[in-house]
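Overview (structure and organization)
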Amino acid sequence: QVQLVESGGGLAQPGGSLRLSCAASGFTFSPSAMSWARQAPGKGREWVAGINSDGSATYYADSVEDRFTISRDNAKNTLYLQMNSLKPEDTALYYCAPLGPRKVPITTLANFVLWGQGTQVTVSS
C-alpha cells in the first residue's frame, strides 16, 4: 500500500520552530524528487520546498527561504522540513508529495491527488 504519513505539526509561537516528518512506504522513495506544500484556510495549495533524489539540491519558495530547511534520509524513507522563525502566515496544513524538486506549478499542485493526510501547523501567540 502506498502511504505518505506526515507528522510533527502542532501549535507554535511566532518566532518558534517545528520539525515536520514525512514517512514514505509502498513506493520507490530514493529515486524520487520530493516536495513539501501547504494549504491555508481559504487559500489554494502553495509549493513550499523541494529536494532532489539524493538530497544534494534544495529549492524554496520566496516566502520561506532562509527560514525553512528541507532534507531527507533515504535509508529511512523519510523527508523532513525544519521550520524556524515561524510566522502566523505559516499557519496551514502541510503535506508531502513526490513532486519537484523545483517550484511546482499551481495547476500541478491543484490536480495532484494527495497520498497522505497532512499535518497541521498553527502559529499563534
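One structure accompanies this document, and this report is about it. (Residues numbered from 1 in each chain as written. Predicted model: local features only at pLDDT ≥ 70, side-chain atom pairs only at ≥ 80, totals over all residues. Heavy atoms only, no water.)

**Thoughts on the side chain of Asp-90**
Structurally, the position occupied by Asp-90 is in the loop between strand 8 (78-83) and strand 9 (92-97). Dropping the residues within four chain positions of it, Asp-90 is found in contact with Arg-38, Arg-67, Phe-68, Ser-85, Val-121 and Val-123. (Helix = DSSP H or I, 4+ residues; strand = E, 2+ residues; numbered from the N terminus. Contact = heavy atoms within 4.5 Å.)

**Overview of unusual backbone geometry**
Going from Gly-100 to Pro-101, the amide bond is cis rather than trans, its omega being 15°. Inspection of the secondary structure assignment puts Pro-101 in the loop between strand 9 and helix 1 (106-111). One non-glycine residue with positive phi stands out, namely Asp-66, at about 80°. Looking at the secondary structure, you find Asp-66 in the loop between strand 6 (58-60) and strand 7 (68-73). Non-glycine residue Ser-85 carries a positive phi angle of around 50°. Turning to its location among the elements, Ser-85 is positioned in the loop between strand 8 and strand 9. The exposure class assigned to Ser-85 is partly exposed, which follows from its relative accessible area of 40%. (Buried < 20%, exposed > 50% of the residue type's maximum accessible area, 1.4 Å probe, protein only.)

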